[in-house]
Amino acid sequence: MRRLIGLLLVTVLLATGACSSSAKTGPVSIAVTIANGKVTPSGATYEVSVGSKVTITVTSDAADTVHVHGYEIEKEVVAGTPTVITFTADKTGSYEVETHVVEATIATLHVR
Ligand SMILES: [Cu+2]
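(A) Looking closely at the overall build of the chain. What the chain contains, in helices and strands, is one helix and nine strands. Ordering the α and β elements of the chain from the N terminus gives α-β-β-β-β-β-β-β-β-β. Burial status across the chain gives 35% buried among its 112 residues. For the chain, the proportion of contacts with a sequence separation of at least 24, taken over those separated by at least 6, is 59%.

(B) Region of the structure containing the coordination of the copper ion. In this structure, His67 (ND1), His69 (NE2), Glu98 (OE) and His100 (NE2) serve as the protein donors to the copper ion, at separations of 2.1 to 2.3 Å. Around the copper ion sit four donor atoms, and with donor-metal-donor angles ranging over 80 to 169° the site reads as square planar. When the donors of the copper ion are listed by position in the chain, the intervening gaps give H-x1-H-x28-E-x1-H. Of the two residues, His67 sits in strand β5 (residues 64-68) while Glu98 sits in strand β8 (residues 93-99), which places them 31 residues apart along the sequence.

(C) Region of the structure containing the side chain of Asp64. Turning to its location among the elements, Asp64 is positioned in strand β5. No salt bridge forms around the buried Asp64; measuring N to O, its nearest opposite-charge neighbour Lys38 is 14 Å away. Polar contacts involving the side chain of Asp64 include one to the main-chain amide nitrogen of His100, which spans 3.3 Å. Discounting chain neighbours no more than four positions away, the residues touching Asp64 are Ile34, Lys75, Glu76, Val77, Thr99, His100, Val101 and Val102.

(D) Region of interest: the packing of aromatic side chains. Counted by the stated rule, this structure contains two aromatic pairs. Ring geometry for Tyr71 and Tyr95: centres 5.0 Å apart, planes at 70°, overall edge-to-face. Taken together, the positions of Tyr71 in the loop between β5 and β6 (73-77) and Tyr95 in strand β8 put the pair 24 residues apart, joining distant regions of the chain. Given the relative accessible area of 12%, Tyr95 is considered buried. A cation over a ring is seen here: Lys91 above Tyr71, with NZ or CZ 4.9 Å from the ring centre.

(E) Examining the environment of Val58 more closely. With respect to the helices and strands, Val58 occurs in strand β4 (residues 53-60). Looking at Val58, the relative accessible area reads 0%, which means it is buried. Sequence-wise, Val58 and Val78 are 20 residues apart; in three dimensions their C-alpha atoms are separated by 9.5 Å.

(F) Main features of the nonpolar core. Core analysis: the biggest nonpolar cluster contains 24 residues, and Ile30, Val32, Val48, Ile56, Phe87 and Leu109 have the highest contact counts within it. A total of five residues in this core trace back to one element, the largest contributor, which is strand β9 (residues 104-111). Beyond its immediate chain neighbours, meaning those up to four positions away, Ile30 contacts Pro41, Tyr46, Thr55, Ile56, Thr57, Ala107 and Leu109.

(G) The sheet that holds strand β7 (residues 83-88), seen in detail. Ordered in space as β2-β1-β4-β7, the four strands form an open sheet in which the pairing is mixed. This sheet does not close on itself; its edge strands, each paired only once, are β2 (38-40) and β7. Across the sheet, the axes of successive neighbouring strands diverge by a mean angle of 15°, strand direction being ignored. Bridge count for strand β1 (residues 28-35) against β2 is three bridges, and the pairing is antiparallel. Opposite Thr33, over in β2, you have Thr40 as the bridge partner.

Procedures and definitions
Residues numbered from 1 in each chain as written. Predicted model: local features only at pLDDT ≥ 70, side-chain atom pairs only at ≥ 80, totals over all residues. Heavy atoms only, no water. Helix = DSSP H or I, 4+ residues; strand = E, 2+ residues; numbered from the N terminus. Buried < 20%, exposed > 50% of the residue type's maximum accessible area, 1.4 Å probe, protein only. Contact = heavy atoms within 4.5 Å. Donors = N, O, S within 2.8 Å, 3.2 Å for Na, K, Ca; no water. Tetrahedral: all angles 85-135°; square planar, octahedral: opposite > 155°, others 65-115°. Lys, Arg positive; Asp, Glu negative; His and termini not counted. Salt bridge = Lys/Arg side-chain N within 4 Å of Asp/Glu carboxyl O. Polar contact = N/O pair within 3.5 Å; in protein donor to acceptor, adjacent residues only side chain to side chain. Phe/Tyr/Trp six-rings, centres within 6.5 Å; stacked < 30°, edge-to-face > 60°. Lys NZ or Arg CZ within 6 Å of the ring centre and 35° of its normal. Core = buried A, V, L, I, M, F, W, Y, C linked by side-chain atoms within 4.5 Å. Pairing = 2+ DSSP bridges. Axes fitted to C-alpha atoms, helices over the stretch in contact; angles between N-to-C directions.

Below you can see the structure in the form of C-alpha cells.
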C-alpha cells in the first residue's frame, strides 16, 4: 500500500513537472511533421487557456488523418500539402491530438 502511494506521488510530480515546463498561454501553434512513419513532436504537452485559438499545421510525406479528441475534429492529411486545423479551445480538460494512420499522439492539450 505504501509503495502504491509512493508510485502515485511520483506520477503526480512527473505530470506537474511536464506541465510547468511547457506552460503556454494565449494562442497555441503546433507545427507537426510526419516523415518516414515518425511524428514530430510526439507526446508534447501544451497548456492552453480556455478561449484560446489553437492552430495545428500538419505536413506529411504520406496520407494520414489527424484527430483532436474531445473536440472531435478529424481532418485528412494529403501527402506533401500542409493541412491546417484551427479551433477555439472553449472546453476545459485534457485532449489528445493523434494521427491515425501512423498511430501516434502528437500532443496533449491541457485546456483550463
Ligand atoms: Cu483519435
